[in-house]
Amino acid sequence: MAASYNVRFEPVGVEMDVQEGETVLEAGFRQGIALMHGCKEGQCSACKSLLVEGDIELLKHSTFALPEYERDNNHILLCRTHAYSDLVIELLNYDEDMLSRSIAVKPFGARVVGLQALTHDIRLLSIELDAPLRFWAGQYVDITLPEHGITRSFSMANAPKADNRADFIIKRYEDGAFSARLDGDIHEGDILKAKGPYGTCFRREGRSGPMVLLGGGSGMSPLLSILADQAASGEQRPVRLFYGARQQRDLFWQDEIARIAKPIEDFRFIPALSDADADTAWQGERGLIHDVMARLLREEALDGDIDAYACGPPPMIDAALPALRMAGCEPEHIHFDKFTPAARES
């Protein structure tokens, strides 16, 4: 039998077991302990922690995520750490609300029930799972094409609900190992595998201050899930959805967004085009979405503590974080999900 070790997380006092051959983060997923994480591949540093006691093996990782000088001072990445004794780990990033709302990661069988083009490079993939998926709005699953052995992470676009269907807004890339197959290689009825839920950028409940949603590309997927969940909750608060696109042809579902948000009394959808020169008829906002967001939040000066959710490409997120801080959003109320490019299989 595989060896099993105890892991204690400080300062929260949470304990779990980790089995030989699994990472500390995988053990947390298995037992429904919601540890901070991002890429799950040693690339992003979201799960960086401090090893206080114990023997470990640190798997290959990016030195951007964990530089050598930090490794020499006992910093680790939970997603790349194998245990070889009982461990005591100090969490550098944790959310007690998240820890209290943990959902165990589970595998699911799935099949494709819908595939639709929303723009020239955005697709809506709908799947039916073999059991209901419990998740928090804003989370994601890993989807595998069994025939090709390709796995990618995609965020649910629908709000949590008690059925087996899940929708995903996916940006198609010509050289994408998964996304390029959405045109022609993936069809209704195809068999998939799914595993989840993952992610820490999910809607926090019971908050009364303004909600700011910021996205670009397929970052719209988790934001729609959060928006729909907020609308269904009956909780009233100002909600602003900022979405960055290059040109007008990159916008989609504007009527659907209005329909989803209808129960929210104070809602605005603000799309902005960064390359609007060719769209002479465009009457909306122009420029980079984080600049537009910063200006409009400054002009509105909304009352209350802002909760922000940002999803999209890393440059957009990196530019948005200081803009949100300047708008008065406290770091603990900023939740984000960087959509980092997945490594191509050889």
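Residues numbered from 1 in each chain as written. Predicted model: local features only at pLDDT ≥ 70, side-chain atom pairs only at ≥ 80, totals over all residues. Heavy atoms only, no water.

So, about the side chain of serine 62. Relative to the assigned elements, serine 62 resides in the loop between β4 (56-58) and α2 (68-71). If we ignore the near neighbours within four places in the chain, the residues touching serine 62 are Gly42 and Gln43. (Helix = DSSP H or I, 4+ residues; strand = E, 2+ residues; numbered from the N terminus. Contact = heavy atoms within 4.5 Å.)

Turning to the packing of aromatic side chains, a few remarks are in order. Under the defined criterion, the tally for this structure stands at five aromatic pairs. Taking the centre distance of 6.0 Å and the plane angle of 85° together, the rings of tyrosine 243 and phenylalanine 252 count as edge-to-face. Owing to a relative accessible area of 3%, tyrosine 243 belongs among the buried residues under this scheme. Its relative accessible area of 6% is what places phenylalanine 252 among the buried residues. One aromatic cluster in this structure is built from Phe29, Tyr140 and Tyr198. Seen from the ring of tyrosine 198, lysine 40 lies directly overhead, with NZ or CZ sitting 4.4 Å from the centre. Across the ring face of tyrosine 173, the terminal group of lysine 171 is positioned such that the distance to the ring centre comes to 5.7 Å. (Phe/Tyr/Trp six-rings, centres within 6.5 Å; stacked < 30°, edge-to-face > 60°. Buried < 20%, exposed > 50% of the residue type's maximum accessible area, 1.4 Å probe, protein only. Lys NZ or Arg CZ within 6 Å of the ring centre and 35° of its normal.)

Another aspect to go through is the pairing of strand β13 (residues 191-198). For strand β8 (residues 106-117) and β13, the ladder comprises six bridges, and the chain directions are antiparallel. Bridging from a neighbouring strand, glycine 109 pairs with lysine 193 of β13. The pairing of strand β10 (residues 140-145) with β13 spans four bridges and is classified as antiparallel. Bridge assignment links threonine 144 to a residue of β13, and that residue is lysine 193. (Pairing = 2+ DSSP bridges.)

We now examine helix α1 (residues 24-31). The set of residues buried in α1 consists of Val24, Leu25, Ala27, Gly28 and Phe29. For α1, the elements touching its buried residues are β1 (4-10), β2 (14-19), β6 (81-83), β7 (87-91) and β13. Positive backbone phi, at 75°, marks glycine 32, one or two positions downstream of α1.

In terms of nonpolar packing, the biggest core is built from 33 residues, with Ile169, Leu213, Met220, Leu227, Leu241 and Phe267 touching the most fellow members. Among the secondary structure elements, those contributing two or more residues to this core are β9 (122-129), β14 (211-216), α4 (220-233), β15 (239-245), α5 (254-260), β16 (267-273) and β18 (307-312). Considering every element that reaches this core, the biggest residue donor is α4, with seven residues. Setting aside its immediate chain neighbours within four residues, phenylalanine 267 contacts Leu227, Val239, Arg240, Leu241, Ile257 and Ala261. In terms of nonpolar packing, the next biggest core, distinct from the first, is built from 29 residues, Tyr5, Phe29, Cys79 and Leu87 among them. (Core = buried A, V, L, I, M, F, W, Y, C linked by side-chain atoms within 4.5 Å.)

Purely geometric numbers; function is a separate question.
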